[in-house]
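Each chain, written out:
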Amino acid sequence: MTYQERVDAFRARIDAGEKIEAGDWMPDEYRQAALKFIEMHANSEVMGALPEREWIPRAPTLRRKLSLTAKVQDEVGHGQILYRVAEDLGKSREQMFDDLVNGRTKFHNVFHYPTESWGDVAVIGWLIDGAALVTQKALLDASYAPYVRAMRRICAEESLHLRHGEDITLELVSGSDAQREMFQDAVNRWWEPIMHFFGPPSKARDVLLEWGIKTRTNEDLRQEFFSTYVPKLWDLGISVPDPELRYDEAAGEWIWSEPNWDGFWQVVRGNGPMTATRLGLRKGMWDTHAWIREAFAGIPPKAA
Amino acid sequence: MDVWDVLGKRTVTDEWTLVGGVKAPDVEMALLLARETHFRHKEGVAYAVRRRGEAADALVPGTWPAETLGGVTDRSYRRQEAYAGVGAKLKRVAAQLAERGLRIDRPRPPGSGS
């Protein structure tokens, strides 16, 4: 069988809705695209734990501290699960982590910003995890089976995180004026990063969509996010800092203003306000704990 | 280092289902990592690992009984049950805020909102 015939046969499997397992033959383009996508996802989970982690010592009650700690642990756990999935596609976990902490690979734009108040914890927990859940649910039907299994677990945990974030939000918006202002201020600061989160309009040829590694376009996901969260924000008397944003009843879709995409590219290229600080923290941990990896690698296999 | 497939059972009558994988130098460490990574939130009643590539019957079940898997102290904040009623709370808070005249009333998709 020629390479092209194998690609065609693989394409037929994808088109028939079959799932691909780690040991299956796959075209180089598929392997590379899946690896890059899942590696970026894993990086984002690991880095995404940091903005919220900064608020663990300052959580307002013991219960909030416990639940936030558990959530941060979950996010790091997602990173571990996803690095394992990515590893089977041909790049070692050590290499992926080394590339991340040395700035050679990317992580999601929303995790490059500072968390200034407890209101930010509410916004991250409810709206950013909500945005993540919209995109992650769309991956439950992806073509790469190990990724789908990971996403099943991750989506279950993210649904819990969403409730956790919603609970904190409701506490703030039904509280004092100062609490409401704190939440509104956080929404104002995070709105543009959230719009960036869904990414720029999808390219005409998106390799990820073509191979079923992703199943829905950026616009489609953004619209779902608007429909789910904007009416809830309005119900809570919280405004959205986009003067153009409105639901066009005739067209059945949301109109919104394009954010500043230059700012987005600056951030994803590693020039965000907190990029260096957070990568520095991860790199410090990675270097300090090198001895644990060495100890692990040095344990001789047991005689059968 | 070996790759281990992680399997679990949601209920006692279920078959073993593949849920993920871990990398570990030996079976004890594989079981520990499997438990921490995949069964922290009471996801099942039994867990097991199998070295990748070995026969189906080479499964090594973990020894933690169902009642202790996922922890025995009150860690409900790790699970959905701790947030039961948040949806109803949203409706309640929204109604209060509407009474205070704070609701932003703008066109929205049918059936959306609190």
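Of regular secondary structure, chain B possesses two helices and four strands. Order of helices (α) and strands (β) in chain B, N terminus to C terminus: β-β-α-β-β-α. A compact globule built from 114 residues should have a C-alpha radius of gyration of about 13 Å, whereas chain B, at 22 Å, is more than 25% larger. Per-residue burial over chain B gives 24% buried out of 114 residues. Within chain B, contacts between residues separated by at least 24 positions form 48% of all contacts whose residues are at least 6 apart in sequence.

To continue, consider the packing of helix 6 (residues 145-173) of chain A against helix 7 (residues 177-197) of chain A. All names here are of chain A. Contact geometry for helix 6 and helix 7: axes closest at 7 Å, N-to-C directions at 130 degrees. Classified by the interaxial angle, the pair formed by helix 6 and helix 7 is oblique. Of helix 7, the residues touching helix 6 (which contributes T169, L172 and V173) are Q179, R180, M182 and F183. A per-class count over the contact of helix 6 with helix 7 returns four nonpolar, two polar and one charged.

In this section: the domain arrangement of chain B. According to the domain assignment, chain B consists of domain 1 (2-61) and domain 2 (73-105). Here the C-alpha centroids of domain 1 of chain B and domain 2 of chain B sit 36 Å apart.

Attention now goes to helix 7 of chain A. Residues and elements named next belong to chain A. The end-to-end C-alpha distance of helix 7 is 29 Å, a good match for the 30 Å that 21 residues give at a rise of 1.5 Å each. Maximal helix bending in helix 7 amounts to about 40 degrees, located at W190; proline P193 follows within four positions. Residues F183, A186, V187, W190, P193, I194, M195, H196 and F197 constitute the buried set of helix 7. Contacts from the buried residues of helix 7 go to helix 5 (118-137), helix 6 and helix 10 (261-271). Just beyond helix 7, the residue with positive phi is G199, at close to 85 degrees.

With 75 residues, the main nonpolar core has A34, I38, A86, V123 and A131 of chain A as its most contacted residues. Taken together, the elements giving at least two residues each to this core come down to helix 2 (28-53), helix 3 (62-87), helix 4 (93-101), helix 5, helix 6, helix 7 and helix 9 (218-235) of chain A together with helix 2 (86-99) of chain B. At eleven residues, helix 2 of chain A tops the list of elements feeding residues into this core. Beyond its immediate sequence surroundings of up to four residues, A86 of chain A is in contact with L35, I38, E39, A42, K91 and M96 of chain A. In this structure, L7, A24, L31 and Y47 of chain B belong to the second largest nonpolar core, which totals twelve residues.

The interface is formed by 36 residues belonging to chain A together with 34 residues belonging to chain B. The element that contributes the greatest number of residues to the side of chain A that touches chain B is helix 6 of chain A, accounting for twelve residues. In terms of residue class, the side of chain A that touches chain B is made up of 14 nonpolar, nine polar and 13 charged.

For the rest of this paragraph, the subject is the environment of P51 of chain A. Residues and elements named next belong to chain A. In this structure, P51 sits in helix 2. P51 gets classed as buried once you count the C-beta atoms within 10 Å, which come to 21. For the pair P51 and R278, spaced 227 residues apart in sequence, the C-alpha to C-alpha distance is 8.5 Å.

Within the chain, K42 of chain B stands out as a residue other than glycine whose phi angle is a positive 60 degrees. As for its position among the elements, K42 of chain B is in the loop between helix 1 (27-38) and strand 3 (46-51).

With respect to the helices, strands and loops of the structure, W261 of chain A is situated in helix 10. Note: C-alpha distance between W261 of chain A and E192 of chain A (69 residues apart in sequence) is 9.7 Å.

Residues and elements named next belong to chain A. For V76, the location among the structural elements is in helix 3. Overall, V76 belongs to the partly exposed group, with 15 C-beta atoms counted inside 10 Å. If we ignore the near neighbours within four places in the chain, the residues touching V76 are V46 and A49.

All names here are of chain A. In the contact formed by helix 3 and helix 6, the axes pass within 10 Å of each other and the chain directions differ by 165 degrees. On the basis of their axis angle, the class for helix 3 and helix 6 is roughly antiparallel. When the axes of helix 3 and helix 6 are compared, the crossing they make is left-handed. Of helix 6, the residues touching helix 3 (which contributes S67, K71, D74, H78, I81, L82 and V85) are P146, Y147, A150, R153, I154, E157, H161 and H164.

All names here are of chain B. The four strands are arranged 2-1-3-4 in an open sheet whose pairing can be described as antiparallel. Each edge of the open sheet carries a strand with a single partner, namely strand 2 (17-24) and strand 4 (60-61). Where strand 3 meets strand 4, two bridges bridge the pair, whose relative direction is antiparallel. Directly across from A48, in strand 4, lies its bridge partner P61.

Cut-offs applied
Starting from 1, residues in each chain are numbered consecutively following that chain's sequence as written. For this description, chains carry letters from A and ligands carry numbers from 1, given in the order in which they are written. Only residues with pLDDT of at least 70 are given local features in this predicted model, and only at 80 or more are side-chain atom pairs given and counted; all residues enter the totals for whole chains, interfaces and linings. Working definition: helices are DSSP H or I runs of at least four residues, strands are E runs of at least two. Numbering for both runs from the N terminus. Both definitions apply: the radius of gyration is a C-alpha atom measure, and the globule rule equals 2.2 Å times residues to the power 0.38. Counting other C-beta atoms within 10 Å of each residue's C-beta, where C-beta atoms are placed from the backbone, gives the exposure class: buried for 20 or more, exposed for 12 or fewer, partly exposed between. Note on contacts: each residue gets a C-beta atom placed from the backbone, and two residues are in contact if those atoms are within 7 Å. Here an axis means a line fitted to C-alpha atoms, over the contact stretch when the element is a helix, while the angle between two N-to-C directions is reported on a 0 to 180 degree scale. Angle categories are assigned with fixed cut-offs, so that under 35 degrees is roughly parallel, over 145 is roughly antiparallel, 65 to 115 is roughly perpendicular, and the rest are oblique. Three classes are used: nonpolar for Ala, Val, Leu, Ile, Met, Phe, Trp, Tyr, Cys and Pro, charged for Asp, Glu, Lys and Arg, and polar for all others, with Gly counted as polar. All the domain ranges listed were derived from an automatic or database domain assignment. Each residue after the first adds 1.5 Å to the expected span of a helix. A residue's bend is the angle separating two fitted axes: one through the seven residues that end there, the other through the seven that start there. A set of buried Ala, Val, Leu, Ile, Met, Phe, Trp, Tyr and Cys residues, joined to one another through C-beta atoms within 7 Å, is what we call a nonpolar core. Crossing handedness is defined as follows: a turn of the near helix away from the far one that is anticlockwise and smaller than a right angle gives a left-handed crossing, while the clockwise case is right-handed. Note: two strands are recorded as paired if DSSP finds a minimum of 2 bridges between them.

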